[in-house]
Amino acid sequence: MGNFTCETDAVFPGSNSYLKAGRHNHPEGTVLDIGGIKIGGNTFVIMAGPCAVESEIQLLTTARAVRERGANILRGGAFKPRSSPYSFQGLEEEGLKLLRKARIEYGIPVITEVMDTRQVEMVCKYADILQIGSRNMQNFPLLKEAGQCRKPVLLKRGMNATLDELLLASEYILDGGNEEVMLCERGIRSFETSYRNTMDLNAIPVLKRLTHLPVIVDPSHGTGHAWMVPYLAKAALAVGADGLLVEVHYDPLNAMCDGPQSLSIEQFGSLINELKILSCALGKDLIVPEISFI
Ligand code: PEP
Ligand code: MN
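Residues numbered from 1 in each chain as written. Chains lettered and ligands numbered in written order. Predicted model: local features only at pLDDT ≥ 70, side-chain atom pairs only at ≥ 80, totals over all residues. Heavy atoms only, no water.

**Student:** I'd like a rundown of the packing of aromatic side chains, residues and numbers included.
**Tutor:** Enumeration according to the criterion identifies three aromatic pairs in this entry. Arranged with centres 4.8 Å apart and planes meeting at 65°, the rings of Y106 and F293 form a pair that is edge-to-face. Of this pair, Y106 sits in helix α3 (residues 93-106) while F293 sits in the segment after β11 (285-286), placing them 187 residues apart in sequence. Y106 gets classed as buried once you look at its relative accessible area, which sits at 10%. With a relative accessible area of 22%, F293 lands in the partly exposed category. A ring pair is formed by W227 and Y231, whose centres lie 6.3 Å apart and whose planes are at 80°; its orientation type is edge-to-face. Judged by its relative accessible area of 58%, W227 is exposed. (Phe/Tyr/Trp six-rings, centres within 6.5 Å; stacked < 30°, edge-to-face > 60°. Helix = DSSP H or I, 4+ residues; strand = E, 2+ residues; numbered from the N terminus. Buried < 20%, exposed > 50% of the residue type's maximum accessible area, 1.4 Å probe, protein only.)

**Student:** Could you give me a rundown of the pairing of strand β7 (residues 153-156), with the residues and numbers involved?
**Tutor:** Burial of the side chains of β7 extends over both faces: V153 and L155 are buried on one face and L154 and K156 on the other. Of the pairings in the sheet, the one linking strand β6 (residues 129-132) to β7 comprises three bridges and is parallel in character. By the bridge assignment for β7, L130 is matched with V153. The parallel pair β6 and β7, bridged by helix α5 (residues 140-148), forms a crossover whose chirality is right-handed. The pairing of β7 with strand β8 (residues 181-185) spans four bridges and is classified as parallel. Bridge pairing links L154 to M182 in β8. Between the parallel elements β7 and β8, the chain passes through helix α6 (residues 163-175) in a crossover that is right-handed. (Pairing = 2+ DSSP bridges. Right-handed = clockwise from strand over helix to strand, strands pointing away.)

Structure representation (structure tokens):
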């Protein structure tokens, strides 16, 4: 879908420095393979789960529900970057162990955030994909460390970062020898206060044109409101994204983190149904596994 050609100079004059991320390196686009799940190419991948891993019951209930409704990959933070040091900071290794349990129980790969170079080795033991968050997009030691590890990395756009800075940040990981990188648009800061961030949908076709790396959209942090998430999720599919990273909680009202932007199980199910129709119309492959656990 889409005609993404490589015209780096035309978009960022003088900044033709995407030596490894540039589309000229890989005109047909990179397709990552996460245990058989393709990210990139014609596939639209769904990564879903809670903002934070809170407890066994919370994670396993949500994991099972999103898996049954069509999620391909489970998300959940064990290390949480919170604005306040008094907010819930995550279950750390305990949370990673719960992710591993969900992974085994429901046969679903997991993505989780790593915030610090000292956590990389531990997170690699449990995760299928490392997430580098918005606040760490330019944590250069962390990017270099991620470049050394043999796990795919989802790199989120800094909330104040330009696309040029995002692409250059990805170069740090690629240049370290890790070729399995995907980018994530998660909304940027703007003057608008009606929503948490401004979902920069312009970024998707621009990134797809400039780089061969898959581009994922996070409409949860991009909007901050669960009711807005389905609109922006569908828009992401329409503008050529390779998938979604979406927050889902079995009890959003009582979530320890990001409840207002988390979809309930039912809302997630409805979104998948809408995406099925839209993906058919757009000729994108939404792979919804038919799974039901007893
Ligand atoms: C997250 O995905 O849990 C998260 C903290 O996102 P961001 O880094 O985009 O704020
Ligand atoms: Mn969150």
